[in-house]
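What follows is each chain in one-letter form.
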Amino acid sequence: MTETESSNDISRRLDQIARAARARPGAITTLAHHIDLAWLREAHRRTRKDGACGVDGRSSGEYAMKLEDNLRSLLDRAKSGTYRAPPVRRVHIPKDGKETRPLGIPTFEDKVLQRAVAMLLEAVYEQDFLDCSFGFRPGRSAQQALSVLQTAAVNSAGGWAIEVDIRKFFDSVDHAVLREVLRRRVRDGVILRLIGKWLNAGVLEDGAVKRLDSGTPQGGVISPMLANILLHEVLDAWFQDEVKPRLRGQGTLVRYADDAVMMFSTEADAKRVFDVLPKRFAKYGLTLHPEKTKLVAFERPDRPYRTDRDDGPGPLRPGTFDFLGFTIHWGKGLDGKWLVQTRTSKSRFQRTLKAIATWCQMHRHHAIGDQQRALNQKLRGHYAYFGRRGNSGRLWDVYARAVGTWRRWLSRRSHRAQITWSAMTRLLERYPLARPRARIVS
């Protein structure tokens, strides 16, 4: 069987699991039997091969040299219960210039097995997940989440927004709570034992293994799936089944992984939900960030005298809020009409500039052509994500700052390498940096 035929076969089997899960909304007791050698081959194919090595030091290339033997051994250990989840190698990366974010690096073999289990869970839980959830789901993206949020805000003429920020979500997930939520839908012993091993594997940091009572497997492909399963219970289903039926006006939830925004057409609804949110999350062992979780007045600027406000009618300047690296705000289109627009948030904008400056500093002695290609890759990636209508100004700011930063660090290659702006203009004619394109996403 060719690789394409094998992938098609797994896709058919996934469809069968999905249909069975859709027909049976209760707990499923048998799933692990679907994981066989062909399933692991497909999981290996879907696993990224360019990641750093885990605690075993084995790369994806080394693993592939004896792929069939390695997958057979992995299958035997997973099914017999003798598989031991290795600890995750932890490193810290800067975050917003103030804090650091822990980054976990699992072993490649662990990634393959996690992918195999994630494939099963996805087939089951995609039948349960709601349309308000967009993160790490097939056929869904951050851009779609932003567009849905914009549409909801326009349809309600703004209203009120709750910006939800869960404090250190991926590090604070309570293992006991997660297991309880999982068992409501999946009761296959093999699958639950494997997930339990990943939760208890711990992290390797400074030469010592630390066992944790909370948090999802850092860097693992299973982690986003477990996060969606828990937050579906904590937020999505609760909002759909308990909050919306009690609202006086309109209400919309948009969630991407652990980032979420709620839109309400009335202040009273927004305040009631805002008041109960901390209790709702605390019930599952989660804490909302007291400063980043905010209630924002977001009424359309030409409607400052709505009478359903708690403090009575009167002028109200609309606020802004951040979501997925964008600041959501009101602005006028070319036709003079008010629109809900998105621009690169200040923190993400500064992070991008800092990353470009750091890269230019570290690579200033490399060949000009190599620097140009790397910088263009970074710029095009930035434009592709942030290239939404109304954000062209921020994109051109990034381009201009990138040119200036590149010139500054090229000038520091030596004490005689000072580059004037006229010289930089000539250099850009030969080694042009990528410029923002026309609107990519509306």
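Thresholds applied
Residues numbered from 1 in each chain as written. Predicted model: local features only at pLDDT ≥ 70, side-chain atom pairs only at ≥ 80, totals over all residues. Heavy atoms only, no water. Helix = DSSP H or I, 4+ residues; strand = E, 2+ residues; numbered from the N terminus. Expected span 1.5 Å × (residues − 1). Buried < 20%, exposed > 50% of the residue type's maximum accessible area, 1.4 Å probe, protein only. Contact = heavy atoms within 4.5 Å. Pairing = 2+ DSSP bridges. Axes fitted to C-alpha atoms, helices over the stretch in contact; angles between N-to-C directions. Bend = angle between axes of the 7 residues up to and from the residue. Parallel < 35°, antiparallel > 145°, perpendicular 65-115°, else oblique. Left-handed = near helix turned anticlockwise from the far one by under 90°. Nonpolar A, V, L, I, M, F, W, Y, C, P; charged D, E, K, R; others polar.

**Q** Which residues make up helix H14 (residues 392-410), and what values go with them?
**A** Structural remark: α-helix, 3.6 residues per turn; residues separated by three or four positions point the same way. Counted at 1.5 Å a residue, the expected span for H14 with its 19 residues is 27 Å, and the 27 Å between its end C-alpha atoms agrees. Along H14, the residues classified as buried are Leu395, Val398, Tyr399, Ala402, Val403, Gly404, Thr405, Trp406, Trp409 and Leu410. Buried positions along H14 lie against helix H12 (346-362), helix H13 (368-386) and helix H15 (421-430).

**Q** Outline the sheet that holds strand S6 (residues 251-256), listing residues and values.
**A** Across the sheet, which stays open at both edges, the four strands sit in the order S6-S7-S3-S8 with antiparallel pairing between neighbours. Sheet topology places S6 and strand S8 (294-297) at the edges, where each strand pairs with a single neighbour. Within this sheet the neighbouring strands show an average axis-to-axis angle of 15 degrees, counted without direction. Along the sheet face, helix H10 (residues 222-243) touches S6 and strand S7 (259-264) and points at about 170 degrees away from the line of S6. Sitting on the sheet, helix H11 (residues 267-282) touches strand S3 (160-165), S7 and S8, and the angle it makes with S3 is about 15 degrees.

**Q** Outline H11, supporting the account with residue identities and numerical values.
**A** With 16 residues, H11 extends 24 Å from end C-alpha to end C-alpha; this agrees with the ideal 22 Å at 1.5 Å per step. Roughly 35 degrees is the biggest bend found in H11, and it falls at Val276, with proline Pro278 one to four residues downstream. Burial in H11 covers these residues: Glu267, Ala268, Asp269, Ala270, Val273, Leu277, Arg280 and Phe281. The inward-facing, buried residues of H11 abut S3, H10, S7 and S8.

**Q** Please give an account of the packing of helix H5 (residues 108-125) against H10 that cites residues and values.
**A** Relative orientation of the contacting elements H5 and H10 amounts to 30 degrees, with a least axis distance of 9 Å. Judged by the inter-axis angle, H5 sits roughly parallel to H10. For the crossing formed where H5 meets H10, the hand is left-handed. Each of Gln114, Val117, Ala118, Leu121, Glu122 and Tyr125 in H5 lies in contact with H10, whose residues at this interface are Ile222, Met225 and Ile229. For the contact of H5 with H10, a count of residues per class yields seven nonpolar, one polar and one charged.

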